[in-house]
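Okay, here's what each chain looks like letter by letter:
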4 protein chains.
Amino acid sequence: MNGSSFGTSFKITTFGESHGAALGVIVDGCPAGIPLSAEYIQTFLDRRKPGQNVYSTPRKENDTVEILSGVFEGSTTGTSIALLIRNEAQRSGDYSEIASYYRPGHADFTFDAKYGFRDYRGGGRSSGRETAARVAAGAVACALLDTLNIKVCAYAKSINEYVCFDTKEYLAERYSVEEIASMRDKSPLNMPDADASAKAEAYLQRLREEHNSAGGTIECVLTGLPAGLGDPVFEKFDARLAHAMLSIGAVKGFELGSGFEAALLTGTEQNDPFYTDEAGNIKKRTNRAGGVLGGMTDGSDVLFRVAVKPTPSVYAPQETVKQDGSAYTCQITGRHDPIIVSRAVVVVECMAALTAADALLSNLGSKLEHLKMIYGTEQ
Amino acid sequence: MNGSSFGTSFKITTFGESHGAALGVIVDGCPAGIPLSAEYIQTFLDRRKPGQNVYSTPRKENDTVEILSGVFEGSTTGTSIALLIRNEAQRSGDYSEIASYYRPGHADFTFDAKYGFRDYRGGGRSSGRETAARVAAGAVACALLDTLNIKVCAYAKSINEYVCFDTKEYLAERYSVEEIASMRDKSPLNMPDADASAKAEAYLQRLREEHNSAGGTIECVLTGLPAGLGDPVFEKFDARLAHAMLSIGAVKGFELGSGFEAALLTGTEQNDPFYTDEAGNIKKRTNRAGGVLGGMTDGSDVLFRVAVKPTPSVYAPQETVKQDGSAYTCQITGRHDPIIVSRAVVVVECMAALTAADALLSNLGSKLEHLKMIYGTEQ
Amino acid sequence: MNGSSFGTSFKITTFGESHGAALGVIVDGCPAGIPLSAEYIQTFLDRRKPGQNVYSTPRKENDTVEILSGVFEGSTTGTSIALLIRNEAQRSGDYSEIASYYRPGHADFTFDAKYGFRDYRGGGRSSGRETAARVAAGAVACALLDTLNIKVCAYAKSINEYVCFDTKEYLAERYSVEEIASMRDKSPLNMPDADASAKAEAYLQRLREEHNSAGGTIECVLTGLPAGLGDPVFEKFDARLAHAMLSIGAVKGFELGSGFEAALLTGTEQNDPFYTDEAGNIKKRTNRAGGVLGGMTDGSDVLFRVAVKPTPSVYAPQETVKQDGSAYTCQITGRHDPIIVSRAVVVVECMAALTAADALLSNLGSKLEHLKMIYGTEQ
Amino acid sequence: MNGSSFGTSFKITTFGESHGAALGVIVDGCPAGIPLSAEYIQTFLDRRKPGQNVYSTPRKENDTVEILSGVFEGSTTGTSIALLIRNEAQRSGDYSEIASYYRPGHADFTFDAKYGFRDYRGGGRSSGRETAARVAAGAVACALLDTLNIKVCAYAKSINEYVCFDTKEYLAERYSVEEIASMRDKSPLNMPDADASAKAEAYLQRLREEHNSAGGTIECVLTGLPAGLGDPVFEKFDARLAHAMLSIGAVKGFELGSGFEAALLTGTEQNDPFYTDEAGNIKKRTNRAGGVLGGMTDGSDVLFRVAVKPTPSVYAPQETVKQDGSAYTCQITGRHDPIIVSRAVVVVECMAALTAADALLSNLGSKLEHLKMIYGTEQ
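Let me begin by describing the structure that accompanies this report. (Residues numbered from 1 in each chain as written. Chains lettered and ligands numbered in written order. Predicted model: local features only at pLDDT ≥ 70, side-chain atom pairs only at ≥ 80, totals over all residues. Heavy atoms only, no water.)

When you go through chain A residue by residue, the secondary structure sums to ten helices and 18 strands. A compact globule built from 379 residues would reach a C-alpha radius of gyration of about 21 Å, and chain A, at 22 Å, matches this within 12%. In terms of its C-alpha atoms, chain A occupies a principal-axis envelope of roughly 65 × 50 × 35 Å. Of all 379 residues assigned to chain A, the portion counted as buried reaches 69%. Within chain A, contacts between residues at least 6 apart in sequence are counted, and of these 69% link residues at least 24 apart. (Helix = DSSP H or I, 4+ residues; strand = E, 2+ residues; numbered from the N terminus. Rg over C-alpha atoms; globule rule 2.2 N^0.38 Å. Buried < 20%, exposed > 50% of the residue type's maximum accessible area, 1.4 Å probe, protein only. Contact = heavy atoms within 4.5 Å.)

Structure, rendered in structure tokens:
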């Protein structure tokens, strides 16, 4: 299969390996007339960029984006948008050792099983570096969402046992998107709670000395989505979101609204009562649904959470095998983040934005009224 | 969007509402030469059938399947397979009350938001009854998997706080697929642990008296999958599985292998060491990955878990609004399962089988060697 | 591949063999709110029905359609619409002879090559009968087009050398859609020119006596399409049309506007000059483009033509081979149309309608303005 | 819709405008293990390159291709292959005049109708230059076909009334692929008949003086395709080919085998008799089918023909309108090919190769036997 595309109406197709010439993406199906610049996209890439602090790999990559097509005089043209990010740090190093064995927790073994051989330089296509192209594409999706006043915000909710504000609640139920983003951006770990962030930093310092790594969770909220996005059966909004999230390398779990806790609730606890607010809008008193009912957005915030595994590249010696099956004790070298969670925050945000942009476009033909509105005025 | 299809190479498209004439599915892309009969498919539908015990709705539906096309002389022909299930219990009842208000936890409000109106009879397209078509399609996928010795087995792992064998482990790490299935089939709740099942039954009895309902978790294992299925970027095997699972109405969460616990582990704890067994096969000592590395199956069992919310149709009075926004206290009538988990077990199994069948077909062109093998021998 | 689907946004998936239990289709992605009834669909099927006159096979099939889902209280609901047509004339005849050899001009040989075996009863899935499902689906597309005042009209332009009004021009450049349809419906061969029709009838009578069959051409016009449908690169409106047409069994060629004659024209002859009419609309003085420029509709009529081969089932003895490769002189029995063209007219119309419906929906997101129009008014 | 992708299993997605920064393509789904180099791809691009002789635009473009991903140590890796072609001749010229009016025969008007505005520099996305990306992708498809001994060859069959060897037959029925290619490559117009080529050259010289342009036809042959490619209903091999061909800007018609002549033949004339050759292979005595029966390849050569319209950019004054609807007499400047046919030959070849590569991959799962062959040997 050609697994490098995501989305149906707003569709992206990515390319690029960790140590190849470049990474990039084609965004196809983006409406004409959206303001877009390389500078705007760059702000997203800069949030993902390595080497920003001690918790991320010191590999130096400026990750400068170039718009190759689909933008004219500052606006999207409606045709395919290509974005290019050159790899600067392609070292012609010696990969013969890493080429010969299978790193635990990595895709080396499965790549060989599928394709018969692999680009072993820095993980090739399965490197976390692949997500740079997703972030560039997600920036385009965010440019579209912005014009419709839809916001997406992700943040590290927990690192190991250090949880923001010691709460199981979604932070977005307490704080506005702007407040969370502001608190988050003060933390090198993208944790909106300064106290939890400080504790997690100390913990990561210890882990680093022990040649180990940590996992955590990321929460995300989408606000301003109209009700009715997503489709009732297989293309449920939450099913697409889950797909998007599990497609991120290190994600091991996804939950929406009450999520796994729903397994412990009763019907009367899980159901969100409807009411009409003063402005006459139908709302829900609680949001255990997480903003999706029957696969379609219900006009509330969409709230979800993902579990991120610890960085598999640890420096401690590990039991494994060579390609020929012989036993081997490997010891990974190079410099690797002791935590994936923090840099993955913007990736989660971008994949959520892409999911929402796609749903907005796919929903346009749900009613005959939409067609009459658009074709009526144009003729 | 046309949200009624699932799969790329092995693709299904479903139709049908709770109280319409019929439900059904077209399976397109199924290889020729697989033995298939209506009787075989019926065994899957019978496991989903309502009215089997006190914990499922007493609505009488025989759910008899008819094969309309794509099977000739007992084998699939390679062309599209259509399966039809007539609705027998279409009552011409009075739905005027239910039509006028939005049931909490249901898709009534979101259907109206998306389409401008809805088939209000029994939930229409968003009824749990829609899954009958998935089960029929899943049976075809299982027929394919059978020929390649691949097995899928799902079971209720927990209902509210009642957990099988009081373990957080996947049961498939202790028992064989056959053992689990045999234990499961003795429980009216599809719980492989007789003791936990008995306690959960008593609990459900109490809930029923309180006009309430319960949630729970389902675990699933796939054995015998070759390594290398799934694609490295967006079409990861686990991403497709997550999509499949969240597309089931009441599912609120998905985790693979260590799942949400991975957020609390270190790298050395999460990584599964590789070794070579006596037969010379490369294996993993543990399976925290859940059988997928970098989005591709690694030859181990695929292990995952989903969270299922409590039945939203509870008899207790609930706060809600009418279509015109006026406040309303609704009281749902009719007969509804106090638990979705148990009947959803076969749905989870079938969606997992469909995901695996699709991945098996999509992977056929991963190597040039495959093409040479197939086109070389045929010319 | 799963080749039984057509369309991207307005997508149909068909099933059914000539002598199986039933034929049918699922229409997915049809907007909610379109008036639809079985009676309406039946009028399309009746135009395709066999046994209507001496030029079509006397096989008796009422081809009665049943709506199984997706329509509620006389309107489409937005969810998948399933349409069922039972086969009535499944004869349990003796097919052992036909099963053993390859009919020239038929798909017997290629089916065996692809799938390893075939449903040999009446051509199975590759029977012309398969088009009944397309016509049922096309009726749904026409119901949508009707609401937007878009018309589709196809007719037999020529049978062998007998050409309507002895002109190479498209009839739609001389007559209105209503005039053509009215003239066409008076001819048993669907030829709008009574004189040409009479001559073609006499010719077919002679061919019948000679145990032979004839080919011809079908023209089609779409009126009322807004400008801008279709996409600039691979999904050009005319590329989709060509795909649709060549997917009809006996079609061997497709041309749009000046078509093959364009190869003999100069640039100044082929280019259509633009002008502004009295109402202020931008129009073209000629229509050699056939209503499509750069893959997008230009607001003129879309005009195209297809070549239809003669019925391959002729009664004359023919040279062929058996499945084992041994030489064989076959003599086809049963009763077959001496001409495919006439019954294919409604199939061409329906495939064109499906192409247009899909393009209308796919185009909804081409401008940001569309999204603001739809989501602005709903929030 | 996102119209920049072609193919299902072997899928390409292109980007780029005439005067933007670059053109390019992502090839997704290409099997691992195919030898591929930039030099090989360059040989295809060089055949399309402008400025090669007096019959093509003198715009200087080296069209140098760079492989950005998906190739490692000289072989495809199975992951997405990105190919980049920088635009060198981006002139910052004055386009204000061309921006203000609609060129007849061009997509200026329809672009504005669809997107509300357009990149008016040199046609933007609808420029013939867009096909450079198709050719680069087609080269990858040819690399795959080569390994399976499948050949594709296109050539100019006629320019205006000048027809190669004065025959209506396909040249591939008289000459081998190698002979045709060798004769073709001697002609600046890609016409395999030196005499016809000389006459056409003289004709084009006259047209050039008259500020006009010419159309023509291209024939194409595919040899070595296994029988059974393509799918019986909507995804017929010839339907996909027709789609591919009509997606090329200037193509106005497509025919396969006897094509439009089939409309004048009888059944006994059109049907190709089967026989068994001395090697025991089942063959056809004639090839009026053009190598496809019932949508699936029959093991004969695939033969088809397309009609190409004259270059719409002629220097003669033409009637048109400005964007505001006011009448305007335009006179196109710049330098344009007086004929599209010759440079389109390699584009036809590449689109045919992409169609074949996709069909080869999509067909892999047609039989259970294929799955057993591949998964049986790997476990």
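All right, on to helix H4 (residues 131-147) of chain D then. Residues and elements named next belong to chain D. Here H4 spans 25 Å end to end across 17 residues, near enough to the 24 Å set by a 1.5 Å rise per residue. By the criterion of burial, H4 is predominantly enclosed, with 15 of the 17 residues buried. Asn-149 sits one or two residues past H4 and shows a positive phi near 60 degrees. (Expected span 1.5 Å × (residues − 1).)

A few words on the environment of Leu204(C). Tracing the chain through its elements places Leu204(C) in helix H6 (residues 194-209). Exposure remark for Leu204(C): the relative accessible area of 0% places this residue in the buried category.

All right, on to the relation of the copies chain B and chain A then. When chain B is fitted onto chain A, the two copies agree to an RMSD of 0.0 Å after a turn of 180 degrees and an axial shift of 0.0 Å. These values place the two chain copies in the arrangement generated by a two-fold rotation axis. Of the interface residues in chain B, 100% have counterparts in chain A that sit at the interface too, so the contact is made through matching surfaces. (Least-squares fit on C-alpha atoms with pLDDT ≥ 70 in both.)

A few words now on the sheet that holds strand E16 (residues 302-308) of chain C. Spatially, ten strands are ordered E9(C)-E8(C)-E10(C)-E16(C)-E11(C)-E11(D)-E16(D)-E10(D)-E8(D)-E9(D) in an open sheet, and the strand pairing comes out antiparallel. What marks the edges here is a single partner per strand, and that holds for strand E9 (162-163) of chain C together with strand E9 (162-163) of chain D. Across the sheet, helix H7 (residues 237-246) of chain D touches strand E11 (251-256) of chain C together with strand E11 (251-256) and strand E16 (302-308) of chain D, and the angle it forms with E11(D) is around 160 degrees. Along the sheet, helix H9 (residues 341-362) of chain D makes contact with strand E8 (151-159), strand E10 (216-223) and E16 of chain D, crossing E8(D) at roughly 145 degrees. (Pairing = 2+ DSSP bridges. Axes fitted to C-alpha atoms, helices over the stretch in contact; angles between N-to-C directions.)

All right, on to the interface of chain D and chain C then. Contacts between the two partners involve 106 residues from chain D, matched on the other side by 106 residues from chain C. Taken over both partners, the interface formed by chain D and chain C buries close to 8300 Å², and the fraction arising from carbon and sulfur atoms is 63%. Between the two partners, chain D and chain C, sit four salt bridges. Along the contact surface separating chain D from chain C lie 44 residue pairs in polar contact (both at pLDDT 80 or more). Among the residues making up the side of chain D that touches chain C, the classes are represented as 46 nonpolar, 38 polar and 22 charged. As paired strands, E11(C) and E11(D) are joined by three bridges and run antiparallel to one another. Residue pairing for E11(D): Phe254(C) is matched across the bridge by Phe254(D). (Buried area = accessible area lost by both parts, 1.4 Å probe. Salt bridge = Lys/Arg side-chain N within 4 Å of Asp/Glu carboxyl O. Polar contact = N/O pair within 3.5 Å; in protein donor to acceptor, adjacent residues only side chain to side chain. Nonpolar A, V, L, I, M, F, W, Y, C, P; charged D, E, K, R; others polar.)

Okay, the interface of chain B and chain A next. Taken together, the contact between chain B and chain A spans 106 residues of the former and 106 residues of the latter. Of the roughly 8300 Å² buried at the junction of chain B and chain A (both faces included), carbon and sulfur atoms supply 63%. The residue Lys114(A) makes a salt bridge to Asp231(B) at a minimum N-O spacing of 4.0 Å. The interface formed by chain B and chain A contains 44 residue pairs in polar contact (both at pLDDT 80 or more). Of the residues that constitute the side of chain B that touches chain A, the class distribution is 46 nonpolar, 38 polar and 22 charged.

What follows concerns the sheet that holds strand E2 (residues 11-15) of chain A. All names here are of chain A. With antiparallel pairing, five strands are arranged side by side in an open sheet as E1-E2-E3-E7-E4. Edge strands, defined here as strands with exactly one partner in the open sheet, are strand E1 (5-6) and strand E4 (65-69). Bridge count between E1 and E2: two bridges; the pairing is antiparallel. Directly across from Phe-6, in E2, lies its bridge partner Ile-12. Together, E2, strand E3 (22-28) and strand E7 (81-86) form the strand contacts of helix H4 (residues 131-147), whose direction differs from that of E7 by roughly 140 degrees.

So, about empty space enclosed by the protein. Here the largest cavity defines a volume of roughly 1300 Å³. Around the largest cavity, the lining is made up of 40 residues, and of these Lys11(A), Lys11(B), Lys11(C), Thr8(D) and Lys11(D) lie nearest the centre. Mapped by element, the contributors of at least two residues to the lining of the largest cavity are E1 and helix H7 (237-246) of chain A, strand E1 (5-6) and helix H7 (237-246) of chain B, strand E1 (5-6) and helix H7 (237-246) of chain C together with strand E1 (5-6) and H7 of chain D. Along the lines of polarity and charge, the residues of the lining of the largest cavity split into eight nonpolar, 20 polar and twelve charged. (1 Å grid on protein atoms, 1.4 Å probe; cavity = no way out; pocket = protein on both sides within 12 Å on 5 of 7 lines; lining within 4 Å. Points joined across faces, edges and corners; volume = space filled by probe spheres on them.)

Of all hydrophobic cores here, the largest spans 404 residues; its most connected members are Phe304(A), Phe304(B), Phe304(C) and Phe304(D). If near-sequence neighbours (up to four positions away) are discounted, Phe304(B) is found in contact with Tyr170(B), Ile218(B), Glu219(B), Cys220(B), Leu222(B), Leu241(B), Met245(B), Phe254(B), Glu255(B), Leu256(B), Val348(B) and Ala352(B). (Core = buried A, V, L, I, M, F, W, Y, C linked by side-chain atoms within 4.5 Å.)

Moving on, we come to the relation of the copies chain D and chain C. Least-squares fitting of chain D to chain C yields an RMSD of 0.0 Å, with the transformation described by 0.0 Å of translation along the axis and a rotation of 180 degrees. Both copies present the same face, since 100% of the interface residues in chain D are matched by interface residues at the equivalent positions in chain C.

All names here are of chain A. Topologically, Gly-224 is positioned in the loop between strand E10 (216-223) and H7. By relative accessible area, Gly-224 is classed as partly exposed at 36%. Separated by 67 residues in sequence, Gly-224 and Gly-291 have C-alpha atoms that sit 11 Å apart.

As far as function goes, none of this settles anything; it's purely spatial.
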